[in-house]
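Structural description and commentary
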Amino acid sequence: MKITAADVIVTSPDRNFVTLKITTDEGIIGLGDGTLNGRELSVASYLRDHVVPLLIGRDPHRIEDTWQFLYRSAYWRRGPVTMAAIAAVDIALWDIKAKAAGMPLYQLLGGASRTGIMAYGHASGRDLPELFDSIRRHLDLGFRSIRVQTSVPGINAVYGVAAQPSVDGKRYDYEPAQRTPLPAEEDWDTRSYMRHLPGVFEAVRNEFGPELPLLHDGHHRMTPIQAARLGKDLEPYDLFWLEDCTPAENQEALRLVRQHTTTPLAIGEVFNTVWDYQTLIREQLIDYVRSAVTHTGGITAMRKLLDFAAQYQIKSGIHGPTDISPVGMAAALHLDLAIHNFGIQEYMQHGPLTNEVFRQSFTFTEGYLHPGEQPGIGVELDEEAAARFPYQPAYLPFNRLKDGTVHDW
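Below: a short report on this structure.

Basis of the calculations
Just so you know, the residues in each chain are numbered from 1, in the order the chain's sequence is written. For this predicted model, a pLDDT threshold of at least 70 governs which residues receive local features, and a threshold of 80 or more governs which side-chain atom pairs are given and counted, while totals over whole chains, interfaces and linings are taken from all residues. Remark: hydrogens and water are excluded; side-chain values derive from all non-hydrogen atoms of the structure. A strand pair is defined by DSSP finding two or more bridges across the two strands. Helix and strand definitions here come from DSSP, where helices need a minimum of 4 consecutive H or I residues and strands a minimum of 2 consecutive E residues; each element is numbered from the N-terminal end. Put simply, a nonpolar core is a bunch of buried Ala, Val, Leu, Ile, Met, Phe, Trp, Tyr and Cys residues held in one set by side-chain atoms that sit within 4.5 Å of each other. Here's how the labels work: a residue is buried when its accessible area is under 20% of the maximum for its type, exposed when over 50%, partly exposed in between, all with a 1.4 Å probe on protein chains only. Only heavy atoms enter the contact rule, under which two residues are in contact if any of them lie within 4.5 Å. Between N-to-C directions, angles span 0 to 180 degrees; the directions come from axes that are lines fitted to C-alpha atoms, helices contributing only their stretch in contact. By definition in this entry, angles of less than 35 degrees are roughly parallel, angles greater than 145 are roughly antiparallel, angles of 65 to 115 are roughly perpendicular, and the rest are oblique. Residues are grouped as follows: nonpolar covers Ala, Val, Leu, Ile, Met, Phe, Trp, Tyr, Cys and Pro; charged covers Asp, Glu, Lys and Arg; every other residue, Gly included, is treated as polar. What a helix should span is 1.5 Å times the count of its residues minus one. One speaks of a salt bridge when a side-chain nitrogen belonging to Lys or Arg is within 4 Å of a carboxyl oxygen belonging to Asp or Glu. Here is the rule for handedness: rotate from the far helix to the near one, and if that takes an anticlockwise turn smaller than a right angle the crossing is left-handed, while a clockwise turn gives right-handed. Any residue with an atom within 4 Å of a point lines the site, the site being either a cavity, points on a 1 Å grid over the protein atoms alone where a 1.4 Å probe fits but cannot get out, or a pocket, an open set with protein on both sides within 12 Å along at least 5 of 7 lines. Grid points are joined across faces, edges and corners, and a volume is the space filled by probe spheres set on the points.

**Here's the deal with the sheet that holds strand β6 (residues 185-187)**
- Spatial ordering of the open sheet is given by β6-β17-β18, a layout of three strands whose pairing is mixed. Looking at which strands have only one partner, the edges of the open sheet turn out to be β6 and β18 (406-407).
- Relative to strand β17 (residues 398-400), β6 runs parallel, the two sharing three bridges. By the bridge assignment, glutamate 185 is partnered in β17 with phenylalanine 398.

Put into structure tokens, the structure is as follows:
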């Protein structure tokens, strides 16, 4: 079997997505996700101008060899653009291999290790009544684990609060990228946030009881000592995890956090390779790996990363908001189902336009996801529908402190 064509498709139903379509001489088509939120065209160009010419004529079954070739032959390694492009190729090749085998992908990864994949939903609110209503809506949808994000008094806009207005007059559900010519400026005050948040979780626990798994995303906005303090303050409320409590590019910073709190820690949605995790995993400074299949070199690389984590009893928590296309989401679900050290899967339901473009076999029932039994990854692209939604410039917001300093968003 040989690759005869590789096409890069950029479409914007509900938001922008980058999809790689690989076609073989036997007529088998594989899809890969190369979406990089707010920088989509950089990956599209990398694929179209630099990677696609290297794929024509290659054997699609040689997935490991192709991965190593694309990673090492460029010389300039790593980074989100490169790794998203490699991921798109890798996912598409696994899709082809599983279709050729007539099996859902998870069977080629060793078969199912569980019957379903526990997912968490994203509740938020500008005040406690609105937050409680959001939690109840998610419970009604079937979620049995809930991420809690809330507005903070004195801060105009906070990441993850879907009800807040944006500069173009609406929020795209939980997708903060806004279709505007320039990124929106938001404000931030860490001390106000740290004072406010423990009381929110106390109220949520009082309302919904001790059994409901609760998660929270700090979104890289605290220093290590601030993160340590917040983790300690949240211990009475038994969080499932505290995510991205501090920027973890400085991996040693998590040593300080770990010394002061037993709140479980999830890190890594902005990481791109296993090398970003070496200290964190080896020293057991985190509890959950948060990388996306789409941003971390695909299924091949994520499987190796999670096998490394498993040696230290660290579990998966794969990134899965709506800036991961249904193709990337499906790839994550097959991996979730197969690995032994699965923890939880982030899940944001895509909008109706996205579901029109990407036809999916994966399901969500009673709080659990399943990739389905369709051969391959289980997603088909409607190219006619995709063509109706051309790319639209969109930016994530950024933060400034009260004195005007640009801060981590």
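**What to know about the nonpolar core**
- Judged by nonpolar contacts, the single largest core of 113 residues is most densely connected at Ile22 and Leu47.
- Among the elements that line this core, the one with the most residues is helix α3 (residues 80-101), at twelve residues.
- Among residues more than four places away in sequence, those in contact with isoleucine 22 are Ile3, Ala5, Ala6, Ile28, Ile29, Gly30, Leu55, Val89, Ala92, Leu93 and Ile96.
- Leu215, Trp241, Tyr288 and Ile344 belong to the second largest nonpolar core, which has seven residues in total.

**As for the packing of α3 against helix α10 (residues 298-310)**
- Contact geometry for α3 and α10: axes closest at 6 Å, N-to-C directions at 95 degrees. The orientation of α3 with respect to α10, classified from their angle, is roughly perpendicular. Contacts from Ala87, Asp90, Ile91 and Trp94 in α3 reach Gly298, Ile299 and Thr300 in α10.
- Tallied by class, residues from the contact of α3 with α10 come to four nonpolar, two polar and one charged.

**Let's talk about α3**
- Over its 22 residues, α3 runs 31 Å from end to end, which matches the ideal 32 Å to within 8%, given 1.5 Å per residue.
- Of all the 22 residues making up α3, 16 are buried; the element is thus mostly covered by neighbouring parts of the structure.
- The positive-phi residue at the C-terminal boundary of α3 is glycine 102, with phi of around 70 degrees.

**Quick look at the pairing of strand β1 (residues 3-11)**
- With eight bridges connecting them, β1 and strand β2 (residues 17-24) associate as antiparallel partners. Note on β2: the bridge partner recorded for threonine 11 is phenylalanine 17.
- Hairpin geometry of β1 and β2 is characterised by an intervening segment of five residues between the two adjacent antiparallel strands and by a positive phi of about 70 degrees at aspartate 14.

**Digging into the sheet that holds β2**
- Pairing is antiparallel across the open sheet formed by three strands, whose spatial order is β1-β2-β3. What marks the edges here is a single partner per strand, and that holds for β1 and β3 (29-33). This sheet shows a mean twist of 20 degrees between the axes of neighbouring strands, independent of strand direction.
- Where helix α1 (residues 40-55) meets the sheet, its contacts fall on β1 and β2, and the angle it forms with β1 comes to roughly 175 degrees.
- Against the sheet, α3 makes contact with β1, β2 and β3, and its axis sits at roughly 150 degrees relative to β3, the strand it touches most.

**Topic: the environment of glycine 376**
- Here glycine 376 is to be found in the loop between β15 (368-370) and β16 (379-381).
- Residues glycine 376 and glutamate 186, 190 residues apart in the sequence, show an inter-C-alpha distance of 42 Å.

**Observations concerning the pattern of salt bridges**
- Enumeration according to the criterion identifies 24 salt bridges in this entry.
- Between arginine 15 and glutamate 40 there is a salt bridge, and its shortest N-O distance comes to 3.0 Å. A residue pair is termed long-range when its members are at least 10 positions apart, and arginine 15 in the loop between β1 and β2 and glutamate 40 in helix α1 qualify at 25 residues.
- Lysine 21 is paired through a salt bridge with glutamate 383; the nearest N and O atoms lie 2.5 Å apart. With lysine 21 in strand β2 and glutamate 383 in helix α13 (residues 383-387), this pair connects stretches of sequence that are 362 residues apart.
- Each of Glu243, Glu269, Arg290 and Glu346 takes part in salt bridges that share partners, so that together they form one network.

**Observations concerning the packing of α10 against helix α11 (residues 326-338)**
- In contact at an axis separation of 11 Å, α10 and α11 are set at 35 degrees when each is read in the N-to-C sense. Taken as a pair, α10 and α11 cross one another with a handedness that is right-handed. Contacts between α10 and α11 involve Ile299, Met302, Arg303 and Leu306 from the first element and Ala331, Leu335 and Ala338 from the second.
- For the contact of α10 with α11, a count of residues per class yields six nonpolar, no polar and one charged.

**Some words on the layout of surface pockets**
- Empty space within the largest pocket amounts to approximately 920 Å³.
- Together, 34 residues line the largest pocket, and His219, Glu269, Val270, Leu396 and Trp409 are the ones closest to its centre.
- Of the residues belonging to the lining of the largest pocket, the class tally is 14 nonpolar, nine polar and eleven charged.

**Some remarks on α11**
- Between the first and last C-alpha of α11 there are 19 Å, a value that for 13 residues agrees with the 18 Å anticipated at 1.5 Å per step.
- Across the 13 residues of α11, 13 count as buried, placing the element largely inside the fold.

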